[in-house]
Amino acid sequence: MTRDPLFAKSWDRRETPPDSIYLKKHLQDVLVAAEQVLDATAAMQLMSLGLPRDPWEDDLRRVVRLAAALHDMGKCNDQFQKMLRGLVRSQTLRHEWATLLILQQSGWSDWLRPALGENHEIAWRMVRWCIAGHHPAYGRSAPPEPGDGRAEMHLPLDHPDVDAVTIWLAATFGLNEAPALQPFKVDFVEPDEPHL
């Protein structure tokens, strides 16, 4: 995969691409939107679940904020990037599941968990559930079965845009410097069964 900028969304190619199509800016925008939704509805969401604001609101905010900031990291894969550029029609594994693969990379979960406070084990599960389910659709398997995508997917986690995202995450969530991420490849052994 080239070192072209990492996209998160498509855009009208007749126009200059807006900043919001790039991965880091998209993650930042979604975090801001999540914070606005929390400001407007967190208390009501907790009340509807029968949970008091103290202590649950802080936990809710930490989980939602981190999930929002990470939710589309899996778009850093060659298939998704080629799909947005019109070079392929589909991806073998959807980006939300690719995000979960990234979160399993060496040291990343240990690096991110302090952003979740003391109950980080349960909260970390919730973050991953939020990411896995952020594109619900009737009839879509979870994780989705590989469609007509290629037999392998490359995740270039040494890309400069990924470095920029990790620097932003560290600053936003008060984390230490991120452990180095290495690019990796996912091989899909059978057309209907990924080998992960």
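Above this note sits the structure.
A short tour of the structure in this document, coming up.

In this structure, L66, L70, W108, L112, V127 and L169 are the most contacted members of the largest nonpolar core, which totals 44 residues. Sorting the residues of this core by element identifies α1 (23-48), α2 (53-70), α4 (95-103), α5 (108-112), α6 (120-132), β1 (152-155), α7 (160-173) and β2 (184-187) as the ones contributing at least two each. L70 has contacts with L27, T99, L103, W108, L112, V127, I131 and L169, leaving out every residue within four places of it along the chain. Of all hydrophobic cores here, the second largest spans five residues; its members include F7, W11, F80 and L84.

Time to look at the side chain of S109. In this fold, S109 is placed in helix α5. Its relative accessible area of 18% is what places S109 among the buried residues. Those residues within four positions of S109 in sequence are excluded, and the remaining contacts are L103 and W124.

All right, on to the packing of aromatic side chains then. Under the counting rule described, the total for this entry stands at three aromatic pairs. Look at F7 and Y22: their rings are 5.5 Å apart centre to centre, the planes differ by 35°, and that puts the pair in the tilted class. Placement of F7 in the segment before α1 and of Y22 in the segment before α1 is noted, with a sequence separation of 15 residues between them. A relative accessible area of 25% places Y22 in the partly exposed class. Both rings, one in W108 and one in W111, keep their centres 5.3 Å apart while their planes meet at 50°; by these two values the pair is tilted. Taken as a pair, W108 and W111 lie in helix α5 at a separation of three residues, close to a single helical turn. Taking the relative accessible area as the measure of exposure, W108 reaches 0% and is therefore buried. Classification of W111 by relative accessible area gives buried; the value is 6%. Among the aromatic residues, those joined into a cluster by ring pairs are F7, W11 and Y22. Residue placement shows R13 over the ring face of W11; its charged tip is 4.3 Å from the ring centre.

The terminal C-alpha atoms of α7, which comprises 14 residues, lie 20 Å apart, in line with the 20 Å expected from a rise of 1.5 Å per residue. Listed as buried for α7 are V162, V165, T166, W168, L169, A170 and F173. Buried residues along α7 sit in contact with α1, α2 and α5. After α7 finishes, the residue G174 shows a positive phi value of roughly 65°.

What counts as what
Residues numbered from 1 in each chain as written. Predicted model: local features only at pLDDT ≥ 70, side-chain atom pairs only at ≥ 80, totals over all residues. Heavy atoms only, no water. Core = buried A, V, L, I, M, F, W, Y, C linked by side-chain atoms within 4.5 Å. Buried < 20%, exposed > 50% of the residue type's maximum accessible area, 1.4 Å probe, protein only. Helix = DSSP H or I, 4+ residues; strand = E, 2+ residues; numbered from the N terminus. Contact = heavy atoms within 4.5 Å. Phe/Tyr/Trp six-rings, centres within 6.5 Å; stacked < 30°, edge-to-face > 60°. Lys NZ or Arg CZ within 6 Å of the ring centre and 35° of its normal. Expected span 1.5 Å × (residues − 1).

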